[in-house]
Amino acid sequence: MSLNVGIPRFLGTNCDEDVKRWIESKGFRATYLWYEDRFESKDFDWIVIPGGFSHGDYLRCGALAARTPVMKSVQEFASKGKPILGICNGFQILCEAQLLPGVLLQNKNLRFIDQWQTLTVQNADNPFSKMMTTQQHIRLPIAHGDGQYYADSETLQKINNNGQIWLTYDENPNGSALNIAGVTNEKKNVCALMPHPERAQFEWMGSSDGELFL
Amino acid sequence: MSSDLSQNLKIYRLSMEEYEKMKTLLGHEPNVIEWCLFSALWSEHCSYKSSKNHLRKFSFRNSNTPDMDGENAGVVDLGYGEKIAFKMESHNHPSFIEPVQGAATGVGGILRDIFTMGARPIMSANYLCFGDIEAPRMKHLMKGVVKGISSYGNCVGVPTVTGQTNFHPLYNKNILVNALSVGYFGPEQRMALSNASGSGNLVVYVGAKTGRDGVHGASMASASFDDDSESKKPNVQIGDPFYEKLLIEACLEVLEKNLVVAMQDMGAAGLTSSSFEMSSKGQVGFILDLKKVPLRDSSMTPEDILLSESQERMLLICKPEKLSELQETFKKWSLDSAVLGEVQSDRKVKLMWGEEVLTNIDPDLIVEEAPRYDRPYQPWNSLQKTQALQAPEKINFQSLIEKAFKTSKLNRFQWIYNQYDQRVGARTATACESAVAHARLDHSGRGLALAVGCRTDLMVMDAQIGAFDAVYYPAFQMALKGSVALSITDCLNFGNPQKPEIMSQFVASVEAIASASVQLNAPVISGNVSFYNETLDENIPPTPAIGMVGMRDSVEDILPDYFQAPMEYIVRVKMDWLQSYTWLNSLEQKVSQFTENTHADIAGFIKQCQALDQKRQAELIPITSIKAIGLGGLAVTCLKMVQGNVGFDLSFDTSLIPESELFRDELYSFIVTTTDLDLTISFLKKHFKNFPVDIRKVGETVTEKIHISKKIILDFKTTKSQFEKGL
């Protein structure tokens, strides 16, 4: 039976269709989950939170989305140890929901940045890096205004020791601490990254390294 | 003339003759509401009164372009059940006054023109003209415009995939900000129209609340600037891309559910233009109560409400039985909706303020009877044409290149396009780093190409030549990537049309564009005219910006614009159309002369270039990159192709290419790089055997070196960093 993937959709989410097509291209089922509705953990195998400007990025990126009914269900889903992937704004939402350590601040140059980045896989022991190996280099595009990963030094030390640093930038575009591009929670079931794997499915897109995630 | 009348003519920007016409049409002295309506809808911006007679020259259509006259954007049938809607529009005046909001709302406005037709916007582009980078406010304007475009476009989730940035001191006091958007219709996706119908159907307002922003915006955009442009700030609209994103989703959803009869965005002149145009097109009347308009500020007068250009608002017509489902859908997307009134068979627009009748007039009196002017102009006469072109004398190329860097004439503009989300939608194959953008079409998998054109320096040299080039050059760039031009939108930015020399530029440009579009079989299907780009008697250069869509069979294997590896051969294919030293002269702010081969078959050559791409794939010719030779000739084009650690050396054979020729503009020549010189040259010679082209090796790619000639040697790292320097 194919995997059933739930895709939360907030007001202002704008990578929902891209992520849905990506997931369906793998033969998985994809279902949108409206932000005002709850869902049952048992109905889904994975949750993928797509990028965008949820709730207009008002207050702080991801802050309003993190407090919606659908995220209560995502919390339950996470507590059951089931896999969750956050991309870009999905990363920001998972941090705001405190499912992941740290926060994402405005880029150091105070501008939106869209460009290709080479990343290094630091830890490949989570459900979304089964096809990756540690220290592998992959190429993905970033597109964000608030991607500067920040956590206090104690937290950084801790996530480093626990192997929670998933991906790092080879050249730091936004001022992220420890060049962090993606992290996981301690149990490694909640994973998120700022770059967009769904925009790197085929060579014609510029890279097919996004295929390593699913 | 009474002082009241002269005061009104000034406030409402109407001429004495227009006032007389208005009075005759109405049959009475206009009241204040009527002054407002006529002022807005008879403004140049809304009525095209100076241009309409000439825009008829764009009547050419082919089997791919259904006649959509009067709709918000042009439509191209791509086959396989796929269609696109696209259009380009100016937001010059607001952007000069307040660059961030001006540019942002320019993007918002053009997006609404697209999704109001039921198409999902999938690509955006922009065409920008700035003045001398050291001119007052210019850096602030540039940064602001880029920020406005990026903040709005990124948030709504439409990738900005291509653009062009020009510089000329004649834009110092009047920058140009033109935005283009392309929307996609998949098979069986419904197209929405803007003609109201069905007596008793409801007129529904949706989207953001109405505020005071942009009141009189349309008539502001139809006048020249004086010293006091700062005081016009309150006329500039404020945009919220988050609202726009919600509006896109909600509008597409109500269309999909078949809940609307007609739909129109509230653009220039807001509620006035949308209601009058919808009723006029549908040959019906409306009764509307302005008290029902959702307001941000309850003290707004009916005049304010009619003329507000608050953003992110739409007017819909729906059947009464569909209203509750329609309102539910908008509520789901957290948007306001309000019934303002209904459609009536009596062909009058009756505007109410509660119980009070403000006006009751036939919409055609305003829309169809708008004035038209046949402004005086002269037939075009190219003064810059010569028999034999003289190379500029005693040129220090090294210092010219430094100057070109300093004035942004040589810049990769990464600092601009890196602020745009170029890949949201996951359709992007090539974007801003390439001369032509390509997006993969969802249903057929083919590549939709998008490019913009119009090179200011050529327009300054000769408006007719420049306008031909504005069409041919993007088509040529597409052809080199294997895409065929399908259709054109334009944004005709000109100075004051009441001046015959400006009107002459306009007519020459329109005729050149129309002729080139026929040659390429790519009809001009939508567009916009922006006149009065004039400040204190100084007019901008004629600037007919072109947006072009094209088609490629697939998005695989599109050749890049950059050198790929060292030790490859650089081959030039030189076409003999037009030669000048525009790039060199423009650095010195001199107008160029040119020589033209009037027998050159440009459209035929473009077609042959397009066929080259499939053929080199089929015959496995190891071409690694391809690029049109732009202004500044071979040398400047090679500079633009530098990438990573790969530079170039053109110094091999100076006997064949004299130094002055290295910087000569050659329209339309191109460069390819290859790993197999003999095979590529014989392939190219065979392919172009019916064209008088010169094909030869002109240099090689090398690691970390830039040798333009034996004498002009640039430091690799410094040059690259200059190139990539941003604001």
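Every value quoted in this text rests on a predicted model; they were computed, and no experiment measured them.

### Some points on the overall build of chain B
Each helix and strand in chain B was counted, giving 25 helices and 30 strands. For 727 residues, the compact-globule estimate of 2.2 N^0.38 gives 27 Å, and the C-alpha radius of gyration of chain B, at 26 Å, lies within 12% of that figure. Excluding contacts between residues fewer than 6 apart, the proportion of contacts in chain B whose partners are at least 24 apart in sequence is 85%. When the accessible surface of chain B is summed, it comes to about 25300 Å², and 47% of that surface belongs to carbon and sulfur atoms.

### Topic: the sheet that holds strand S4 (residues 160–167) of chain B
Residues and elements named next belong to chain B. The strand order across the open sheet built from five strands is S1-S2-S5-S3-S4, with neighbouring strands paired in mixed fashion. Whereas interior strands pair on both sides, the edge strands pair on one side only; in this sheet they are strand S1 (74–79) and S4. Neighbour to neighbour, the strand axes of the sheet diverge by 15° on average, direction disregarded. Inspection of the sheet shows strand S2 (residues 82–90) paired to strand S5 (residues 176–185) by eight bridges, in the antiparallel sense. The residue of S5 that forms the bridge with methionine 88 is leucine 180. Relative to S5, helix H7 (residues 99–115) is tilted by about 30°, and along the sheet it contacts S2, strand S3 (120–130) and S5.

### What to know about the interface of chain A and chain B
Each partner contributes residues to the interface: chain A has 27 residues there, and chain B has 32 residues. Summed over both partners, the interface of chain A with chain B comes to about 2500 Å²; 52% of that surface belongs to carbon and sulfur atoms. On the chain A side of the contact with chain B, A:Arg111, A:Asp114 and A:Trp204 bury the most area, a combined 29% of that side's loss. Scanning the region where chain A abuts chain B turns up four salt bridges. With its nearest N and O atoms 2.8 Å apart, the salt bridge here joins A:Asp114 to B:Arg423. The interface formed by chain A and chain B includes 12 residue pairs in polar contact (both at pLDDT 80 or more). Elements supplying a minimum of two residues to the side of chain A that touches chain B: helix H1 (16–25), strand S6 (113–121) and strand S7 (137–144) of chain A.

### Focus: the nonpolar core
Core analysis: the biggest nonpolar cluster contains 138 residues, and B:Phe663, B:Phe670, B:Phe688 and B:Ile708 have the highest contact counts within it. Counting 119 residues, the second largest nonpolar core, distinct from the first, contains A:Ile113, A:Met132, B:Ala135 and B:Ile175.

### A word on the packing of aromatic side chains
Applying the stated rule across the entire model yields 31 aromatic pairs over all chains. Summarising the aromatic geometry, the rings of A:Trp34 and B:Trp333 are spaced 5.0 Å apart at their centres and angled 80° between planes, so their arrangement reads as edge-to-face. Of this pair, A:Trp34 sits in strand S2 (residues 29–34) while B:Trp333 sits in the loop between helix H13 (323–332) and strand S10 (336–344), each in a different chain. In terms of burial, A:Trp34 and B:Trp333 fall into one category: buried. Taken together, the ring pairs in this structure connect B:Tyr473, B:Phe476, B:Trp577, B:Phe605, B:Tyr668, B:Phe670, B:Phe688 and B:Phe691 into an aromatic cluster.

### What to know about the sheet that holds strand S11 (residues 349–353) of chain B
All names here are of chain B. The seven strands are arranged S7-S9-S6-S10-S8-S11-S12 in an open sheet whose pairing can be described as mixed. The two strands at the open ends of the sheet, each matched to only one other strand, are strand S7 (262–265) and strand S12 (356–361). Within this sheet the neighbouring strands show an average axis-to-axis angle of 20°, counted without direction. Contacting S7 and strand S9 (313–318), H7 crosses the sheet at an angle of about 170° to S7.

### Thoughts on the pattern of salt bridges
Residues and elements named next belong to chain B. Under the criterion given, the structure shown has 50 salt bridges over all chains. For the salt bridge of aspartate 213 with arginine 296, the shortest nitrogen-to-oxygen distance reads 3.5 Å. You can see aspartate 213 sitting in the loop between strand S6 (202–207) and helix H9 (217–220) and its partner arginine 296 sitting in the loop between strand S8 (285–289) and helix H12 (302–307), a full 83 residues away along the chain. Residues arginine 427 and aspartate 442 are paired through a salt bridge, measuring 2.8 Å at the closest nitrogen-oxygen approach. Of this pair, arginine 427 sits in the loop between helix H16 (414–417) and strand S13 (428–430) while aspartate 442 sits in the loop between strand S14 (437–440) and strand S15 (447–453), and the two are 15 residues apart along the sequence. The exposure class assigned to arginine 427 is buried, which follows from its relative accessible area of 9%.

### Structural notes on helix H25 (residues 716–724) of chain B
Residue and element names in this part refer to chain B. What H25 keeps buried is the set Phe716, Thr719 and Phe723. Taken around the axis of H25, the buried residues stretch over an arc of 70°, which confines them to a single face. Buried positions along H25 lie against helix H15 (397–406), helix H22 (633–641), strand S25 (646–649), strand S29 (706–707) and strand S30 (713–714).

### Details of the packing of helix H2 (residues 16–26) of chain B against helix H3 (residues 32–41) of chain B
Residue and element names in this part refer to chain B. The interhelical angle for the contact between H2 and H3, taken along N-to-C directions, is 120°, at an axis separation of 11 Å. The orientation of H2 relative to H3 falls into the category oblique. Of the two elements, H2 crosses H3, and the hand of that crossing is right-handed. Taking contact as the criterion, the partners of Tyr19, Met22 and Leu26 in H2 are, on H3, Glu34, Trp35 and Phe38.

### Details of the pairing of S4(B)
All names here are of chain B. Taken across its eight residues, S4 has seven buried, putting it largely inside the fold. Bridge count for S3 against S4 is seven bridges, and the pairing is parallel. Its bridge partner being in S4, tyrosine 127 is matched across the sheet by glutamine 164. One crossover worth recording links S3 to the parallel S4 by way of helix H8 (residues 138–156), and it is right-handed.

### A closer look at the environment of B:Lys711
All names here are of chain B. By the secondary structure assignment, lysine 711 is in the loop between S29 and S30. Residue classification places lysine 711 among the exposed residues on the basis of a relative accessible area of 66%. Every residue in contact with lysine 711, bar those within four places of it in the chain, is listed here: Gln398 and Glu659.

### Here we look at the environment of B:Lys147
Mapped onto the fold, B:Lys147 is located in helix H8. You can call B:Lys147 partly exposed: its relative accessible area is 48%.

### Re the confidence of the model for chain B
Confidence along chain B averages 93 in pLDDT terms, with 97% of residues attaining 70 or more. For this predicted complex, the interface confidence reaches an ipTM of 0.97, while the overall pTM sits at 0.96.

Conventions we followed
Residues numbered from 1 in each chain as written. Chains lettered and ligands numbered in written order. Predicted model: local features only at pLDDT ≥ 70, side-chain atom pairs only at ≥ 80, totals over all residues. Heavy atoms only, no water. Helix = DSSP H or I, 4+ residues; strand = E, 2+ residues; numbered from the N terminus. Rg over C-alpha atoms; globule rule 2.2 N^0.38 Å. Contact = heavy atoms within 4.5 Å. Areas by Shrake-Rupley, 256 points an atom, 1.4 Å probe, with all protein chains shown as cover. Pairing = 2+ DSSP bridges. Axes fitted to C-alpha atoms, helices over the stretch in contact; angles between N-to-C directions. Buried area = accessible area lost by both parts, 1.4 Å probe. Salt bridge = Lys/Arg side-chain N within 4 Å of Asp/Glu carboxyl O. Polar contact = N/O pair within 3.5 Å; in protein donor to acceptor, adjacent residues only side chain to side chain. Core = buried A, V, L, I, M, F, W, Y, C linked by side-chain atoms within 4.5 Å. Buried < 20%, exposed > 50% of the residue type's maximum accessible area, 1.4 Å probe, protein only. Phe/Tyr/Trp six-rings, centres within 6.5 Å; stacked < 30°, edge-to-face > 60°. Arc of directions from axis to C-beta. Parallel < 35°, antiparallel > 145°, perpendicular 65-115°, else oblique. Left-handed = near helix turned anticlockwise from the far one by under 90°. Right-handed = clockwise from strand over helix to strand, strands pointing away. pLDDT = per-residue confidence, 0-100.

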